[in-house]
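Chains, contacts and geometry: an overview
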Amino acid sequence: MKYPEATTIQKILGSAEKILILQADNPDGDSLGSVLALEQILSDMGKDPVLYCGVDIPTYLRYLPGWDRVQKTIPTKFDASIIVDTSAMSLFETLTRNGENKWLSSRPCIILDHHEVEPSIPFATVVCNYPVVATGEVIYELAEQLDWPANRTALEMMAVSILSDSLGLVSEATTGRSIRIMAELVDKGVRLARLENARREMMRKSPALVRYKGELLQRIEYFENDRIATITIPWKEIEMYSHAYNPSMLVIDDMRLTENTDVAIAFKTYRDGKITAKIRTNFGKTIASELAKHFGGGGHAYASGFKIEDGRTIEEIKQECITVSTRLLHNLAKDNSSETL
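This write-up is about the structure you can find in this document. For every chain, the first residue of the written sequence is number 1, and numbering continues from 1 along that sequence. Per-residue local features of the predicted model are confined to residues with pLDDT of at least 70, and side-chain atom pairs are confined, for both listing and counting, to 80 or more; whole-chain, interface and lining totals are unaffected and use all residues. The basis for every side-chain value is the complete set of heavy atoms in the structure, and neither hydrogens nor water enter the calculation.

1. A few points about the packing of aromatic side chains
Aromatic pairing here means that ring centres of Phe, Tyr or Trp (its six-membered ring) are within 6.5 Å. Orientation follows from the plane angle: under 30 degrees is stacked, over 60 is edge-to-face, and everything else is tilted. Evaluation of the coordinates by the stated rule reveals five aromatic pairs. With a centroid separation of 3.8 Å and 10 degrees between ring planes, the pair formed by tyrosine 212 and tyrosine 241 is classed as stacked. Of this pair, tyrosine 212 sits in helix H9 (residues 207-219) while tyrosine 241 sits in helix H10 (residues 235-241), and the two are 29 residues apart along the sequence. Just as tyrosine 212 is buried, tyrosine 241 falls in that class too. Ring geometry for phenylalanine 295 versus phenylalanine 306: centroids 4.3 Å apart, planes at 15 degrees, classification stacked. In this pair, phenylalanine 295 is assigned in the loop between helix H12 (288-294) and strand E11 (298-299) and phenylalanine 306 in strand E12 (residues 303-308), connecting sequence segments eleven residues apart. Each member of the pair, phenylalanine 295 as well as phenylalanine 306, is classed as buried. Charge-over-ring contacts are defined here by two conditions on Lys NZ or Arg CZ: a distance within 6 Å of the ring centre and an angle within 35 degrees of the ring normal. One Lys or Arg, lysine 205, reaches over the ring of tyrosine 245 and ends 5.1 Å from the middle of that ring. Helix and strand assignments come from DSSP, with helices taken as H or I runs of at least 4 residues and strands as E runs of at least 2, each series counted from the N terminus. Type-normalised accessible area, obtained with a 1.4 Å probe on protein chains alone, sets the label of each residue: buried when under 20%, exposed when over 50%, and partly exposed for intermediate values.

Pasting the structure below:
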């Protein structure tokens, strides 16, 4: 695919020396893989890339070489920036709170994204946002179009990005082109078995973490004839276990794989009153992004999230989530029924 924004992107990068590459405060395999791929590409172009994320990189992603080069502060001097895997400034909470977002608006800014949302970063110089399966796919197409250098590490990180957001090339957003890109990456030297082995080694959990997972599983609540599953994780547990593993991710797939369950929601409650929710839905239940949007969040049809900071209690938010989820599932079933008539 040829991107019309490529010429502007090449011009910005051509005149820049130090380039800041940013991912939002919810890093995942797509965002980190994209950042690390761009770091390799820009370094081989003779540039000086600097990687940023406002929060610590989750432990489960630390099998990726270079994760420890991601900084939690941005440099005072840089020539241009690239924002990956989001077009929403609201996801840069740490950057905004520190006032560092003002520095971005004073330099050329490139957005590389794949979410089907309207960009909400007003100072962006160019937005390259296409509804493909992952940001890594956008980067691969740009690299091909602009003849960017891509060493094996860069290619591996693109593969990680695509595999992460496509759930191993099985999500509904996966296209024939996504699969062909993966084949091309393998042809160019990417060893998928090596990447998977590294990931599995990092996924090993301590006995204490396994026991904690058991406690979480016992606390799962089911609603609406088991169609909606929820778990609530309080601040003391976030503080105790997040350094080792994201508590939500310990159980959310088990919740989603329960018989009759369509929607899994993991809530976190923070010391300052903030509440966050991670949403996952099963195949055909494409309501995750709509549910998140109801609460001011966003994401994909099957994976999304939101945060609440208006003082409402966890019980109020949970009940509203159940009500809205039930309505969305009902409307989805009604729409599907109409299509088959």
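Read on for the rest.
2. Topic: helix H6 (residues 152-165)
Take the residue count of a helix, subtract one, and multiply by 1.5 Å to get its expected span. For H6, which comprises 14 residues, the first-to-last C-alpha distance of 20 Å matches the rise-based estimate of 20 Å (1.5 Å per residue) to within 8%. In terms of residue burial, H6 counts as a mostly covered element, since ten of its 14 residues are buried. Contacts were defined at the residue level, with two residues in contact if any of their heavy atoms lie within 4.5 Å. As for H6, its buried residues are in contact with helix H2 (29-44), helix H5 (135-146), helix H7 (176-187) and helix H8 (192-202). Residues adjacent in sequence count toward polar contacts only when both atoms are side-chain atoms; beyond that, a polar contact is any pair of N or O atoms within 3.5 Å, and within protein one must be able to donate a hydrogen and the other to accept it. Structurally, the start of H6 carries an N-cap: the backbone nitrogen of threonine 153 is 3.1 Å from a side-chain oxygen of asparagine 151. With its phi angle positive at about 55 degrees, leucine 167 sits one or two positions after the end of H6.

3. A few points about the environment of phenylalanine 306
Look at phenylalanine 306 and you get buried, because its relative accessible area is 5%. When the C-alpha atoms of phenylalanine 306 and histidine 114 are compared, they prove to be 19 Å apart, with 192 residues separating the residues in sequence. Those residues in contact with phenylalanine 306, other than ones at most four positions away along the chain, are Phe267, Ile275, Thr276, Ala277, Ile279, Ala292, Phe295, Gly297, Ile317 and Cys321.

4. Examining the pattern of salt bridges
Side chains that differ in charge, positive against negative, can pair when their charged atoms come close. Each salt bridge in this description consists of a side-chain nitrogen of Lys or Arg and a carboxyl oxygen of Asp or Glu lying within 4 Å of one another. Applying the stated criterion to the full structure yields 21 salt bridges. Here glutamate 39 ties to arginine 69 by a salt bridge, and the two come within 2.8 Å at their closest N and O atoms. Of this pair, glutamate 39 sits in helix H2 while arginine 69 sits in the loop between strand E2 (48-52) and strand E3 (70-71); the two residues are 30 residues apart in sequence, bridging distant segments of the chain. Judged by relative accessible area, which is 39%, arginine 69 ranks as partly exposed. One salt bridge connects glutamate 237 with arginine 219, and the closest N-O pair in it is separated by 3.0 Å. One end of the pair, glutamate 237, is in helix H10; the other, arginine 219, is in helix H9, and 18 residues separate them in sequence. On the accessibility criterion, glutamate 237 (11% relative accessible area) is buried. The exposure class assigned to arginine 219 is partly exposed, which follows from its relative accessible area of 32%. Connected through shared salt-bridge partners, Glu93, Arg97 and Lys307 make up one network.

5. Comments concerning the pairing of strand E9 (residues 263-269)
Side-chain positions along a regular strand alternate between the two faces of the sheet. Here E9 lies mainly inside the structure; seven of its seven residues are buried. What you see with E9 is no split at all: Val263, Ile265, Phe267 and Thr269 on one side and Ala264, Ala266 and Lys268 on the other are buried throughout. Whether two strands pair comes down to DSSP finding at least two bridges between them. Bridge count for strand E8 (residues 228-233) against E9 is six bridges, and the pairing is parallel. Looking across to E9, one finds that isoleucine 228 is bridged to valine 263. As paired strands, E9 and strand E10 (residues 275-281) are joined by seven bridges and run antiparallel to one another. Within E10, the residue paired with alanine 266 across the bridge is lysine 278. The antiparallel hairpin formed by E9 and E10 contains five residues in its connecting segment, where glycine 273 sits at a positive phi of about 95 degrees.

6. Digging into the sheet that holds strand E1 (residues 18-22)
The strand order across the open sheet formed by six strands is E3-E2-E1-E4-E5-E6, and the pairing between neighbours is parallel. Two strands in the sheet have a free side with no partner beyond their single neighbour: E3 and strand E6 (126-129). Bridge analysis of E1 against strand E4 (residues 80-84) gives four bridges, and the strand direction is parallel. Within E4, the position partnered with isoleucine 19 by the bridge is alanine 80. Helix axes are fitted only over the stretch in contact, all axes being lines through C-alpha atoms; the angle between N-to-C directions runs from 0 to 180 degrees. In the packing of H5 onto the sheet, contacts are made with E4, strand E5 (109-113) and E6, and the angle to E5 comes to roughly 115 degrees.

7. A closer look at the nonpolar core
Each nonpolar core is a collection of buried residues, namely Ala, Val, Leu, Ile, Met, Phe, Trp, Tyr and Cys, held together in the definition by side-chain atoms within 4.5 Å. One finds Ile9, Ile82, Leu112, Leu142, Trp148 and Leu185 to be the most contacted residues of the largest nonpolar core, which totals 52 residues. Residues in contact with isoleucine 9, not counting those within four places in the same chain, are Ile110, Leu112, Val126, Cys128, Leu142 and Trp148. Formed by 22 residues, the second largest nonpolar core is a distinct cluster that contains Ile265, Ala277, Leu291 and Phe306.

8. Describing the sheet that holds E9
Pairing is mixed across the open sheet formed by six strands, whose spatial order is E7-E8-E9-E10-E12-E11. Two strands in the sheet have a free side with no partner beyond their single neighbour: strand E7 (221-223) and E11. Contacts from H9 reach E7 and E8, with the element oriented near 130 degrees to E8. Here helix H11 (residues 247-256) sits on the sheet in contact with E8, E9 and E10, set at roughly 160 degrees to E9.

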